[in-house]
Amino acid sequence: MATVPETQDRNVIDDLVLNQSIVQHNSSSFRPIEEEIDYSTVSHLRLDFKNILMIENLENFSNLTRLELCNNNIHSIGGLQSLVNLKFLDLSFNQIHLMEGLDHLSKLEDLSLTSNKIQVIFLDPCYLLCLDF
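First things first, this report covers the structure right here in the doc.

Details of the overall build of the protein chain
Here is step 1 of the chain: On a plain count of helices and strands, the protein chain comes out with 2 helices and 6 strands.
Here is step 2 of the chain: When the helices and strands of the protein chain are read in sequence order from the N terminus, they spell out α-β-β-β-β-β-β-α.
Here is step 3 of the chain: Within the span of the protein chain, comprising 133 residues, buried residues form 35% of the whole.
Here is step 4 of the chain: Summarising the internal contacts of the protein chain: among those between residues at least 6 apart in sequence, 23% fall at separations of at least 24.
Here is step 5 of the chain: Within the structure as shown, the protein chain displays about 8100 Å² of accessible surface, and the carbon and sulfur contribution to it stands at 52%.

Observations concerning the pattern of salt bridges
Here is step 1 of the chain: By the definition in use, this model includes 3 salt bridges.
Here is step 2 of the chain: Two residues, Glu68 and Arg46, come together in a salt bridge whose shortest N-O distance is 3.7 Å. Taken as a pair, Glu68 in strand E2 (residues 66–68) and Arg46 in strand E1 (residues 44–46) lie far apart in primary sequence, 22 residues in all.
Here is step 3 of the chain: Under the relative-accessibility criterion, Glu68 is labelled buried at 11%.
Here is step 4 of the chain: Across the salt bridge formed by Arg66 and Glu68, the nearest N and O atoms sit 3.1 Å from each other.
Here is step 5 of the chain: Put simply, Arg46, Asp48, Arg66 and Glu68 are held in one network by salt bridges that share partners.

Some details on the environment of Leu98
Here is step 1 of the chain: Topologically, Leu98 is positioned in strand E4 (residues 98–99).
Here is step 2 of the chain: C-alpha separation for the pair Leu98 and Ile118, spaced 20 residues apart in sequence, amounts to 5.2 Å.

The rules we used
Residues numbered from 1 in each chain as written. Predicted model: local features only at pLDDT ≥ 70, side-chain atom pairs only at ≥ 80, totals over all residues. Heavy atoms only, no water. Helix = DSSP H or I, 4+ residues; strand = E, 2+ residues; numbered from the N terminus. Buried < 20%, exposed > 50% of the residue type's maximum accessible area, 1.4 Å probe, protein only. Contact = heavy atoms within 4.5 Å. Areas by Shrake-Rupley, 256 points an atom, 1.4 Å probe, with all protein chains shown as cover. Salt bridge = Lys/Arg side-chain N within 4 Å of Asp/Glu carboxyl O.

Written out as structure tokens, the structure reads:
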């Protein structure tokens, strides 16, 4: 009989990882993990230290304003297209080589990419007008 690996051994963002994270970090709610969670009501999601390889399965988090994906094994920025309300994004301590895929995050105020392997930054020229150097 096969067993489901613990969250720390997983490397995908699936419903189990999402639900465990929401229940674990939402102190005001003590829902059992078996209860279905409406992802569109979640505003803060912590997925740090989960050995995640790829950003995926976040399309139902339409009201997410804060996303923490630090200390994983993510190599590229993607899968964030539906997170139009995102204000805070932490991708520090990953394996990201290229800064791209952020153009559509028009509400983003705080971005952390500390301790990655970024060598190239692609930005839309119009986006440069909004940057404060």
